[in-house]
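Summary of the model geometry
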Amino acid sequence: MNFSEKLQSLMLELDSATASTLDEAEQFRIKYLGSKGVFKELFEEFKTVSADEKRSFGKQLNQLKASAEASVEKWKASLNNSELTAVSTLDLTRPGALFELGAEHPISIIKREIIDIFHGIGFSVAEGPEIEDDWHNFSALNFPPEHPARDMQDTFFVKNPNGSDDYVLRTHTSSVQVRVMSEQKPPIRVIAPGRVFRNEAVSARSHCIFHQIEGLYIDEGVTFADMKQTLEYFAKEFFGKSKIRLRPSYFPFTEPSAEVDVYWGLENELDYRITKGTGWLEVMGCGMVDPAVLESSNIDPEKYSGFAFGMGLERSAMQRFQIPDIRMIFENDVRFLKQFQSAL
Ligand code: DAH
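Since the model is a prediction, treat every value here as computed from it, not as a measurement.

Examining the pairing of strand E5 (residues 188–197)
Along E5, 8 of the 10 residues are buried, which leaves the element largely enclosed by surrounding structure. Sheet topology places strand E1 (residues 124–125) next to E5; 2 bridges connect them, and they run parallel. Bridging from a neighbouring strand, Val125 pairs with Ile191 of E5.

In structure tokens, the structure reads:
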């Protein structure tokens with residue numbers, strides 16, 4: 001191969017050369033541009049070409065060398081970059097992963113709303129145990145022993161470790177009233193949300209576990225009118241309905257006692273269904289705290305009076321969220337739970 005042919009084939013070689021790693025680029029540099037490389041050899045040989053060819057060969061040789069050097073530069077620069085990005089997984093332009101928000105349980109939603117409403121008018125939250133003694137669940141609330149009113153609430157009895165069986169799973173949150181009254185001095189303004197238990201057959205409409213919220217207001221000079229105002233305010237805030245009525249009823253711990261109905265309206269078929277065609281929805285029990293109950297907790301009934309109320313949460317939740325079966329509330333099936341948006 002003469003010098004001209006060598007330059008020709010070198011040009012083709014350089015044209016088709018590639019490097020996909022920094023290592024390959026370096027190999028290329030050593031092979032062509034290194035101190036024992038192809039160009040070194042060619043420049044040696046160049047010295048021997050005839051004088052009239054020197055001009056054109058020299059130019060070609062310099063151009064080829066420059067292009068080989070440019071290739072090496074180019075490969076090193078781009079491979080350096082891509083290797084850097086391969087090493088670093090940090091892509092600052094990538095959108096962040098979304099946090100999946102949890103859902104709030106329907107009972108918690110209803111409970112929170114009711115607490116908020118009463119909190120706004122000065123009530124604070126009180127709590128009591130789910131396993132309760134007979135005194136707090138019944139006796140102090142004016143249920144006499146053997147009184148049939150105890151059967152109104154199908155009670156789960158609990159054997160306690162020392163053998164006596166006067167413990168129960170609380171059948172209502174009214175037990176918390178007794179605890180609050182024996183621990184606090186009037187004025188008392190509390191609501192007590194909690195789970196309650198009754199030995200009832202489980203069906204789509206009733207369950208042996210459910211939730212109630214109890215309210216208690218005791219001070220000097222509290223009247224039935226105060227109770228009605230408070231409950232009207234609640235009905236307006238919670239149901240968005242401004243008409244209520246109080247129907248005479250009976251509870252051992254209140255006198256007089258009443259059932260509270262909210263006027264729901266009869267505008268569509270759903271209204272007919274949930275109010276059984278009357279337009280009125282029964283929402284809670286209430287009454288003026290019986291003097292005997294105040295006395296049981298050492299509050300002077302001559303000086304103080306008060307009202308109490310209690311309502312179930314399941315019915316409101318079922319109505320609000322169109323839940324057809326109460327059992328869904330306790331099954332914790334995530335497909336059910338996920339339908340409720342978190343308030344956060
Ligand atoms: N404890 C009653 C029940 O479980 C509800 C109730 C009625 C609570 C009247 C009260 C009240 O505080 O005054 O059915």
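From this point, the narrative continues.
Some details on the site of the ligand
By nearness alone, 16 residues border the ligand, and His172, Ser174, Arg198, Gln212 and Glu214 come closest of all. When isolated, the ligand has an accessible area of 360 Å², and the protein chains bury 91% of it. Going through the elements one at a time, helix H8 (174–183), strand E6 (209–220), strand E9 (280–289) and strand E10 (304–312) are the ones with two or more residues in the shell around the ligand.

Structural notes on the side chain of Gln177
Mapped onto the elements, Gln177 comes out in helix H8. The class for Gln177 is buried, based on a relative accessible area of 3%. Polar side-chain contacts of Gln177 include one of 2.6 Å to the side chain of Glu214. In this view, Gln177 contacts Leu141, Glu214, Leu216 and Ala308; residues no more than four positions away in its chain are not counted.

Quick look at a positive patch on the surface
The grouping of Arg205, Arg273, Lys276 and Arg315 at the surface amounts to a positive patch. Topologically, Arg315 is positioned in helix H12 (residues 314–321). Exposure remark for Arg315: the relative accessible area of 45% places this residue in the partly exposed category.

Definitions and limits used
Residues numbered from 1 in each chain as written. Predicted model: local features only at pLDDT ≥ 70, side-chain atom pairs only at ≥ 80, totals over all residues. Heavy atoms only, no water. Buried < 20%, exposed > 50% of the residue type's maximum accessible area, 1.4 Å probe, protein only. Helix = DSSP H or I, 4+ residues; strand = E, 2+ residues; numbered from the N terminus. Pairing = 2+ DSSP bridges. Near = heavy atom within 4 Å. Areas by Shrake-Rupley, 256 points an atom, 1.4 Å probe, with all protein chains shown as cover. Polar contact = N/O pair within 3.5 Å; in protein donor to acceptor, adjacent residues only side chain to side chain. Contact = heavy atoms within 4.5 Å. Patch = residues over 30% accessible without salt bridge, like charges linked within 9 Å, V, L, I, M, F, W, Y side chains within 5 Å. Salt bridge = Lys/Arg side-chain N within 4 Å of Asp/Glu carboxyl O. Lys, Arg positive; Asp, Glu negative; His and termini not counted. Charge placed at Lys NZ, Arg CZ, Asp CG, Glu CD.

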